[in-house]
Amino acid sequence: SSSSHKLKRVYITSNVLTTFDCEAIIEMAESHAFSNGGWQTDRHQMYKTTDIDVRYVPLLLELCNAKLRDCILPVLSHIFELPMNLILIDDLFVVKYQCKDGNEGLKEGEVSQTSLAPHRDDSVLSFVILLKSTDSFEGGGTEFVDFRPPFVAAPNQGEMVSFCGLQRHAGKKITTGKRFILA
């Protein structure tokens, strides 16, 4: 069927979140990290991300649930030809990639990740939404390592990259600044 071919592709959808939504999500995640001992780094067994699980931040969860309902799930439903009620969110988190030059605000000895090694997600469908403007970092993007040649999806702020989570992908290294994503 055509829907199985859809799982072999990568989709980029513009304007899934507004600049205001993106900035609000970053602000809530940073505020939560500041008040709760920093960003988490041990939630994912194999491929550790510097992240905040939205389930533990009530206002962030409320905002993300509204955006899932109104913006994100309708796009996934359309692209992958699935009824919205069959798409369940297993893990939703804000990831922070940060270079040494952007380390103000980090505690002594704390270093944020700048990339993520090639991996497969635990989900059939995955998405990444860039939350920070592309002029706040260099490098970055979601690299699909098994494409020939490898393909890097480098969206603009508020754009969503949708794909089958079983495709091997990586967080391409940032070389300056900070990059935030909702995944």
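So, a few notes on the structure that sits alongside this text. Within every chain, residues take consecutive numbers counted from 1 along the sequence as written. Restriction of local features to residues with pLDDT of at least 70 applies here, the model being predicted, together with a cutoff of 80 or more for giving and counting side-chain atom pairs; totals for whole chains, interfaces and linings are based on all residues. Only heavy atoms go into the side-chain values, all of them from the structure, while hydrogens and water stay out.

1. Side note on the pattern of salt bridges
This is how it is decided: Salt bridge criterion: a side-chain nitrogen from Lys or Arg within 4 Å of a carboxyl oxygen from Asp or Glu. Secondary structure elements follow DSSP: runs of H or I no shorter than four residues count as helices, runs of E no shorter than two count as strands, and numbering proceeds from the N terminus. Partly exposed residues are those whose accessible area sits between 20% and 50% of the maximum for their type, while under 20% is buried and over 50% is exposed, using a 1.4 Å probe and protein chains only.
Under the definition given, this model contains six salt bridges. Here R168 ties to D146 by a salt bridge, and the two come within 2.9 Å at their closest N and O atoms. Taken together, the residues R168 in the loop between strand 9 (160-164) and strand 10 (169-171) and D146 in the loop between strand 7 (142-144) and strand 8 (151-153) connect sequence positions 22 residues apart. You can call R168 partly exposed: its relative accessible area is 30%.

2. Here's the deal with the sheet that holds strand 7
Heads up, the condition is: Here, strands pair whenever DSSP counts at least two bridges between them. Fitting a line to C-alpha atoms yields each axis, with helices limited to the stretch in contact; the angle taken between N-to-C directions then spans 0 to 180 degrees.
Read from one edge of the open sheet, four strands run 4-10-7-8, paired in antiparallel fashion. The open sheet has two edge strands, strand 4 (116-119) and strand 8, and neither has a second partner. Geometrically, the sheet is characterised by an average inter-axis angle of 20 degrees between neighbouring strands, direction not taken into account. Pairing of strand 4 with strand 10, which is carried by two bridges, proceeds in the antiparallel orientation. If you follow H119 over to strand 10, its bridge partner there is H169.

3. Considering the nonpolar core
What counts here: Buried residues of nine kinds, namely Ala, Val, Leu, Ile, Met, Phe, Trp, Tyr and Cys, make up a nonpolar core once their side-chain atoms join them within 4.5 Å. Between two residues, a contact is recorded if the distance between any of their heavy atoms is within 4.5 Å.
Counting residues in each nonpolar core, the largest one holds 33 residues, and the members touching the most others are I25, I72, V94, I129, L131 and L182. For this core, the secondary structure elements donating two or more residues are helix 2 (19-35), helix 3 (58-80), strand 5 (125-130) and strand 11 (174-182). Per element, the largest residue contribution to this core is 10 residues, and it comes from helix 3. Excluding anything up to four places from it in sequence, L182 contacts L17, I25, V54, C64, I72, L92, F93, V94, F127, V128, I129 and L131. Judged by nonpolar contacts, the second largest core, of 16 residues, contains V95, C99, V128 and L130.

4. Digging into the packing of aromatic side chains
Put simply, the test is: Stacked, edge-to-face and tilted are the three classes for Phe, Tyr and Trp ring pairs, Trp counted by its six-membered ring, which pair at centre distances within 6.5 Å; planes under 30 degrees apart are stacked, over 60 edge-to-face, the rest tilted.
Under the defined criterion, the tally for this structure stands at six aromatic pairs. Plain terms: the ring middles of Y11 and F80 are 5.6 Å apart, the flat faces sit at 80 degrees to each other, and that makes the pair edge-to-face. On the criterion of sequence distance, the pair formed by Y11 in strand 1 (residues 10-13) and F80 in helix 3 is long-range, its members being 69 residues apart. Per residue, the accessibility class of Y11 equals that of F80, and both read buried. With centroids separated by 5.8 Å and ring planes inclined at 55 degrees, the aromatic side chains of F144 and F147 adopt a geometry described as tilted. Take F144: its relative accessible area is 0%, and that puts it in the buried class. Ring pairing ties together the aromatic residues F144, F147, F151 and F163, which thus form one cluster.

5. Some points on helix 3
Cut-off, in case you're wondering: The bend reported for a residue corresponds to the angle between axes fitted to the seven residues ending at that residue and the seven starting there.
Maximal helix bending in helix 3 amounts to about 55 degrees, located at L68. For helix 3, the complete set of buried residues consists of L60, L63, C64, K67, L68, I72, L73, V75, L76, S77, I79 and F80. Among the residues trailing helix 3, E81 stands out with phi positive, at a value near 55 degrees.

6. Examining the pairing of strand 11
Consecutive side chains along a regular strand alternate between the two faces of the sheet. The buried count for strand 11 comes to seven of nine residues, which makes it a mostly enclosed element. One ladder, built from five bridges, connects strand 3 (residues 93-98) with strand 11; its direction is antiparallel. When the bridges of strand 11 are listed, Y97 appears paired with R179. Pairing analysis gives two bridges linking strand 5 to strand 11, with the strands arranged antiparallel.

7. Points about unusual backbone geometry
Geometrically, the link from R148 to P149 is a cis peptide bond, its omega value of -5 degrees lying close to zero. Assignment of secondary structure puts P149 in the loop between strand 7 and strand 8. With a phi angle near 50 degrees, N15 is a residue other than glycine that sits in the positive phi range. For N15, the position within the fold is in the loop between strand 1 and helix 2.

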